[in-house]
Amino acid sequence: MSRALAFLTRRKGGDAWDWTDVFTFLWLGSAVFIMFGPALWLVLSSFKSPAQLAEFPPTLLPYEAQTVVVEGFDRPLPLFSVTDEAGTRTLAEVRRVGTVAQMVDPENPGEVQRVNIANRTPVREVGFSWGNYLDPFLRFDFLNYTKNSIFVTGVATLITLLTNSMAAFALSKYEFRGRGFVVVLIIATLMIPLSVILVPLYSIVSGVGLINSLWGVILPTVATPTGVFLLRQYMLTIPDELLEAARMDHASEWQIYWRIVLPLTAPALAVLAIFSVVWRWNDFLWPLIVLSRQEVYTLQVGLNAYAGELNVQWHYLLAMTVITMIPVVLVFIFLQRFITAGIAGTGLK
Amino acid sequence: MTGVKGMLGAVVTAPLVALARVLEVPLRLWQRLTGQGGMVAFFLLPNMAIFTLFVLLPLVINIAYSMTTGAALFLPERTYVGAAQYERLLRCTDYTNLMTCQEDQFWIALRNTGTFVVLQVTLLIVAATITALILNRALRALSFWRAVFFFPVLLSPVVVGLIWRWILDRNGVLNAALVGMGMDPVNWLLERNYAFSAAIGVTIWAHLGFFALILLAGLQAIPRDLYEAAEMDGTKPARVFWRITLPLLMPNMLVVIVLALIRAVQVFDEAYVLTGGGPGTATLFLTQYIYEVGFASLLKNPGLAAAASILMGGVLIVLTLLQLALGKRNERKGRLK
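Residues numbered from 1 in each chain as written. Chains lettered and ligands numbered in written order. Predicted model: local features only at pLDDT ≥ 70, side-chain atom pairs only at ≥ 80, totals over all residues. Heavy atoms only, no water.

Asks: Quick question: what am I supposed to make of helix α14 (residues 299-307) of chain A here?
Replies: With eight of nine residues buried, α14 of chain A lies mostly within the body of the structure. Regarding α14 of chain A, the residues found buried are Leu 299, Gln 300, Val 301, Gly 302, Leu 303, Asn 304, Tyr 306 and Ala 307 of chain A. (Buried < 20%, exposed > 50% of the residue type's maximum accessible area, 1.4 Å probe, protein only. Helix = DSSP H or I, 4+ residues; strand = E, 2+ residues; numbered from the N terminus.)

Shown next, in the form of structure tokens:
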């Protein structure tokens, strides 16, 4: 036993364990639990029926009550495991009167037995309430919200990539009067958060008639100073000789931009695209203000509205939260390396 | 991996490439007519037009906006009142008792935000530093551990708020665990101090990975031979931390602290979805105050909201300038090396 323990706690270099190792072990162990646990709990809960969600204490896995079709009864009857003086057996409930349940043996449906409800527990097995996921799409507006979110995310990202890279190109590859001023202006507004300009921005968006329009959500977000800044820094590293050589070959400035500079900027564009997708998918405060009609809600705004109702239907809400989480989790799984490199390198978020 | 990347890349670039091709002929003509200057204007125009209309212009008219009153949305239709909105925000008959202030909600939001900033940033920085130090210990499967901490960073604030609302619910899993251990259940989101702590804890949960990642990058940049030299001299680990690790981590640490401050001052979405500002006004923060006064409440007062947002903007500008100054200093130091 002690030898096994010694093997398990053996360390590289044969050093003894000190308190920092124990601490590392504890910190990482609880981190797995605290960081992944809540999201995992959300996913497990989202498959539970409303009755199961109301249970306290909750079960870990989603269960479904078993039913059985018994001769002589139209609808399937719920199955219960009954334990009393007569022993333990599985019965189907016909009806309940007060504290007494009338039950039948599925094998022998003729004879009705009376059982105190304290003596029975429902027979359940692991089962998933897929309806939690289907109903919001079929009966409520969630299909619409999803479409709106996809539209906003896709269009905003495309416009961001195009306009930001064009501006970054002009600001990095041409000498002109006022260039320094524009660059300083962009850097100065780098940190101006939306919450500082909410009110006047609303009046402007309303002035151009974009309230309750998805374009009113998209346009104020696409001229991100962050994007211009990031792309410009990257383009500055592209040697000007390349551009000169292209001009010798009679390439137009536009061709130089999209055939030479853009492909060389691909890594920075990829980082910006990933961040833009995550930003726009997750945007909440601005859409919340611009969109007040249900047809134009994005997923985030729709979820919030749903969660704010007097009688929160948690079984639907949890399932839709999982749906909202999926694209970001996919981005995380496949593109984590780009994101962590982007943050560590530029402090971007 | 490359397959997915290639496919994603193709989906994103295909429409852009098509657009670029279509534009080639008219733009060659434009270049011939206006020369390089015209092309520079063309490249700058879309971004700068959007930028001017939706970032610069609001910034400028916000100041004018904060000096007007009334319910009208457009600036020319509003009545000029000078500094009256600021006076209304800041006036109290007795500054030791917030309830005597004309806009007591603003002062409550200010106090809550102040408390939040101090507590959240302190705890967040300590936790992020510990995490970065641990991740820097040449662990096996570093990318997995990094992912563990980083995963919540990408989640939307609404999702984060809802995940935790579900866990902290009266009949939630946390109370089930408490009852299981023989303790009394707690109304996490309906008791003032618990709700406030929950707002702090949840925002730390959501952002820890981001800050730990920046600190980790700083730690990894510290030359290994410094540690080897210290080891040869038999320096105690605590001393190594205070004399080598922390001073060399300082540039990153300062950036992280300022970034965390800037974010904490603006705290809104996670807390709003989690508690809605409640119970009562226990978790009412500045951004929510601005949102409610400007948009959500029945008695909308956009002028007052603008004034409050300018006061908040003032704080953020100071913090931003601080960050830029620190960045400059780091750059100079980097060049000296």
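After presenting the structure, the write-up continues.
Asks: Looking at this structure, I do not really get the domain arrangement of chain A. What am I missing?
Replies: Many analyses report the size of an interface as the accessible area lost when the parts associate. One can read the domain layout of chain A as domain 1 (63-126) and domain 2 (133-346). Computed over C-alpha atoms only, the centres of domain 1 of chain A and domain 2 of chain A are separated by 57 Å. (Domains from an automatic or database assignment.)

Asks: So what exactly am I meant to see when it comes to the environment of Phe 332 of chain A here?
Replies: Among the secondary structure elements, Phe 332 of chain A is positioned in helix α15 (residues 314-346). Judged by its relative accessible area of 8%, Phe 332 of chain A falls in the buried class. Taking C-alpha positions, Phe 332 of chain A is 9.7 Å from Val 278 of chain A, a pair spaced 54 residues apart along the chain. Sequence-distant contacts of Phe 332 of chain A, defined by excluding residues within four places in its chain, comprise Ala 147, Phe 150, Phe 151 and Leu 154 of chain B. (Contact = heavy atoms within 4.5 Å.)

Asks: What should I look at first to understand the state of the cysteines in this one?
Replies: As used here, a disulfide is simply a covalent bond connecting the sulfur atoms of two cysteines. Residues and elements named next belong to chain B. Applying the stated criterion across every chain yields a total of one disulfide over all chains. The disulfide partner of Cys 92 is Cys 101, and the gap between their sulfur atoms is 1.8 Å. Every disulfide takes its handedness from the sign of the S-S torsion; for Cys 92 and Cys 101 that torsion is 95°, giving right-handed. The two residues Cys 92 and Cys 101 agree in class, both being buried. (Disulfide = S-S within 2.5 Å.)

Asks: Honestly, the pattern of salt bridges in this entry has me stumped. Any pointers?
Replies: Pairing of side chains with opposite charge becomes possible as their charged atoms draw close. Residues and elements named next belong to chain A. Per the counting criterion, the structure on display carries 11 salt bridges over all chains. In this structure, Lys 173 and Asp 240 form a salt bridge, with 3.0 Å as the shortest nitrogen-oxygen distance. Of this pair, Lys 173 sits in helix α5 (residues 142-173) while Asp 240 sits in helix α10 (residues 240-248), and the two are 67 residues apart along the sequence. Given the relative accessible area of 43%, Asp 240 is considered partly exposed. Ionic pairing is found between Glu 244 and Arg 247, a salt bridge with its closest N-O pair at 3.0 Å. (Salt bridge = Lys/Arg side-chain N within 4 Å of Asp/Glu carboxyl O.)

Asks: Quick question: what am I supposed to make of the interface of chain A and chain B here?
Replies: Taken together, the 101 residues of chain A in the interface contact 104 residues of chain B. Of the roughly 9400 Å² buried between chain A and chain B on both sides combined, carbon and sulfur atoms contribute 80%. Here chain A and chain B share two salt bridges between them. Across the pair Arg 137 of chain B and Asp 21 of chain A runs a salt bridge whose closest N-O atoms are separated by 2.7 Å. Inspection of the chain A/chain B interface yields 17 residue pairs in polar contact (both at pLDDT 80 or more). If you tally residues by element for the side of chain A that touches chain B, the top one is α15 of chain A, at 17 residues. (Buried area = accessible area lost by both parts, 1.4 Å probe. Polar contact = N/O pair within 3.5 Å; in protein donor to acceptor, adjacent residues only side chain to side chain.)

Asks: I tried to follow the pairing of strand β3 (residues 77-84) of chain A on my own but got confused; where do I start?
Replies: Every regular strand shows the same layout, with side chains that alternate between the two sheet faces. Residue and element names in this part refer to chain A. Across two bridges, strand β2 (residues 67-68) lies against β3 in antiparallel orientation. The residue of β3 that forms the bridge with Val 68 is Leu 77. Direction of pairing for β3 relative to strand β4 (residues 87-97): antiparallel, over a ladder of six bridges. Note on β4: the bridge partner recorded for Phe 80 is Leu 91. (Pairing = 2+ DSSP bridges.)

Asks: Any chance you could explain the side chain of Ser 172 of chain A here in plain terms?
Replies: Residues and elements named next belong to chain A. Structurally, the position occupied by Ser 172 is in helix α5. For Ser 172, the side chain forms a polar contact with the main-chain oxygen of Ala 168, separated by 2.8 Å. The residues contacting Ser 172, other than those within four sequence positions of it, are Arg 179, Arg 232, Met 235 and Leu 236.

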